[in-house]
Structure formats: structure tokens, C-alpha cells
Amino acid sequence: EGARDPGGGTVGPEAREQICRVANAVRVLAALFLAIHPPAILDVHTCSVQWGVEPKDMLGTGFLVRTLERESERRVARGGV
């Protein structure tokens, strides 16, 4: 059974998973001392889906390292910004 939202409806499992991914994306960025802004949150969220990482595993060392490596490669490609 879904959790109740303030509007009186229910939040289904898919929506809850997406909410958890977004929340954990913010936590990942904070843990890596990276800027937290909508495109960065969306990027981390998208990578978690593409890489097949469950929301509960997004705060694990493996995902954090992979995310930081990806960001480092992106910065080098942009000229070291």
C-alpha cells in the first residue's frame, strides 16, 4: 500500500523510488563536495538508473567513486574547469 501524500492521494512505489533517487543524488553531491543544482541532481539520478544502482546503494563507496571519476573526466574534457 502506498504512503499518503498531503493532497490525500497515495504515492506509489515507482514515485517513492524516484523521490529516493533524487534525495540520494543530493546526498551524493554533498558527500563529494560538488555543487548542488538541478542539472547536477538530474545527472546523478540518470547515472544511477543507467548504471543499474538501487537507490539504497547510491551512498555506497562504489557509486561515490564512480560518480567522482565521471565528474573528474568531464572536467578534464572541458579543459580542467
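Predicted, not measured: the structure shown is a model, and the values here were computed from it. (Residues numbered from 1 in each chain as written. Predicted model: local features only at pLDDT ≥ 70, side-chain atom pairs only at ≥ 80, totals over all residues. Heavy atoms only, no water.)

Colleague: Just to check I follow, could you spell out the overall build of the chain for this structure?
Modeller: When helices and strands are counted, the chain shows 3 helices and 2 strands. In the chain, the order of α-helices and β-strands from amino to carboxyl end is β-β-α-α-α. By principal-axis analysis of the C-alpha atoms, the chain measures approximately 50 × 20 × 20 Å. Put simply, the chain has 81 residues, and 26% of those count as buried. In the chain, of all internal contacts separated by at least 6 residues, the share reaching a separation of at least 24 is 41%. For the chain, the accessible surface area stands at approximately 5500 Å², while carbon and sulfur atoms represent 59% of it. (Helix = DSSP H or I, 4+ residues; strand = E, 2+ residues; numbered from the N terminus. Buried < 20%, exposed > 50% of the residue type's maximum accessible area, 1.4 Å probe, protein only. Contact = heavy atoms within 4.5 Å. Areas by Shrake-Rupley, 256 points an atom, 1.4 Å probe, with all protein chains shown as cover.)

Colleague: What is the right way to look at unusual backbone geometry in this model?
Modeller: For residues that are not glycine, phi is negative in most cases, and the peptide bond is trans in most cases. Phi angles above zero are rare outside glycine, and Phe33 is one such case at about 55 degrees. Within the fold, Phe33 resides in the loop between α1 (13-31) and α2 (38-50).

Colleague: Help me understand the layout of surface pockets in this model?
Modeller: Regions of empty space are outlined by a rolling probe, equal in size to a water molecule, passed over the atoms. In this structure, the largest pocket spans a volume of roughly 230 Å³. Lining the largest pocket we find 16 residues, and of these Leu29, Ala40, Asp43, Glu71 and Arg74 sit closest to its centre. Breaking the lining of the largest pocket down by element, the ones donating at least two residues are α2 and α3 (61-77). Classifying every residue of the lining of the largest pocket by side-chain character gives 8 nonpolar, 2 polar and 6 charged. (1 Å grid on protein atoms, 1.4 Å probe; cavity = no way out; pocket = protein on both sides within 12 Å on 5 of 7 lines; lining within 4 Å. Points joined across faces, edges and corners; volume = space filled by probe spheres on them. Nonpolar A, V, L, I, M, F, W, Y, C, P; charged D, E, K, R; others polar.)

Colleague: Looking at this structure, how should I read the packing of aromatic side chains?
Modeller: Pairs of aromatic rings are described using the distance from one ring centre to the other and the angle between the two planes. Within this structure, the stated rule accounts for 1 aromatic pair. Between the NZ or CZ atom of Arg66 and the centre of the ring of Trp51, over which it lies, the distance is 4.0 Å. (Phe/Tyr/Trp six-rings, centres within 6.5 Å; stacked < 30°, edge-to-face > 60°. Lys NZ or Arg CZ within 6 Å of the ring centre and 35° of its normal.)

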